[in-house]
Amino acid sequence: MRASARSLVCLLALLSLGGCLLGPNYERPAVDAPPAFRFAEADTKDLVNTAWWEQFQDPALNRLIATALAENKDVKIAAARVEQFLGQFQTTRAQLFPQVAAGATS
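Small disclaimer: the values here were computed from a predicted structure and weren't measured. (Residues numbered from 1 in each chain as written. Predicted model: local features only at pLDDT ≥ 70, side-chain atom pairs only at ≥ 80, totals over all residues. Heavy atoms only, no water.)

Caption draft 1: Summary view of the confidence of the model for the protein chain. Looking at the protein chain as a whole, the pLDDT averages 81, with 86% of positions reaching at least 70. Averaged pLDDT values for the elements of the protein chain fall to 67 in helix α2 (residues 41–48) and rise to 87 in helix α4 (residues 73–93). (pLDDT = per-residue confidence, 0-100. Helix = DSSP H or I, 4+ residues; strand = E, 2+ residues; numbered from the N terminus.)

Caption draft 2: Quick peek at the packing of aromatic side chains. Under the counting rule described, the total for this entry stands at 3 aromatic pairs. Relative to F56, the ring of W52 lies with its centre 6.5 Å away and its plane at 90 degrees, an arrangement referred to as edge-to-face. A relative accessible area of 58% means that F56 is categorised as exposed. Ring centres 6.0 Å apart and planes at 20 degrees place the aromatic pair F85 and F89 in the stacked group. A residue pair is termed a helical-turn pair when its members lie 3 or 4 positions apart in one helix, as F85 and F89 do in helix α4 at 4 residues. The class for F85 is exposed, based on a relative accessible area of 51%. Take F89: its relative accessible area is 37%, and that puts it in the partly exposed class. Taken together through their ring pairs, the aromatic side chains of W52, W53 and F56 make up a single cluster. (Phe/Tyr/Trp six-rings, centres within 6.5 Å; stacked < 30°, edge-to-face > 60°. Buried < 20%, exposed > 50% of the residue type's maximum accessible area, 1.4 Å probe, protein only.)

Caption draft 3: Inspection of unusual backbone geometry at higher detail. At Q57, a position not held by glycine, the phi torsion is positive, near 50 degrees. With respect to the helices and strands, the residue Q57 is situated in the loop between α2 and α3 (59–71).

Caption draft 4: Main features of a nonpolar patch on the surface. Among the surface-exposed residues, L8, L11, L12 and L15 lie close enough to one another that they form a single nonpolar patch of about 410 Å² accessible area. The residue L15 is located in helix α1 (residues 2–18) in this model. In this structure L15 comes out as exposed when scored by relative accessible area, which is 59%. (Patch = residues over 30% accessible without salt bridge, like charges linked within 9 Å, V, L, I, M, F, W, Y side chains within 5 Å. Areas by Shrake-Rupley, 256 points an atom, 1.4 Å probe, with all protein chains shown as cover. Salt bridge = Lys/Arg side-chain N within 4 Å of Asp/Glu carboxyl O.)

Here you go:
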């Protein structure tokens, strides 16, 4: 019984894998890909730092976001910690770069 069960499993595996094969007449479809990105890197950085909510021209939304930015201390603390980490990271990596030194003797 075990041998027949194993052969049945192998047969089913071979049949299922045989369905994945492509025929001899397969041709890869042409892809219309752009030669470069649509935006320059500097333009995208300017886009990210915009006040996106002002595009809705909703005074209530503007007020809510101004209040959230002014009174949300946790977000300010988290942003300060991220900036602190980046400063420490840059300081520790500075030793990996070439050093320039100058000296004078009398």
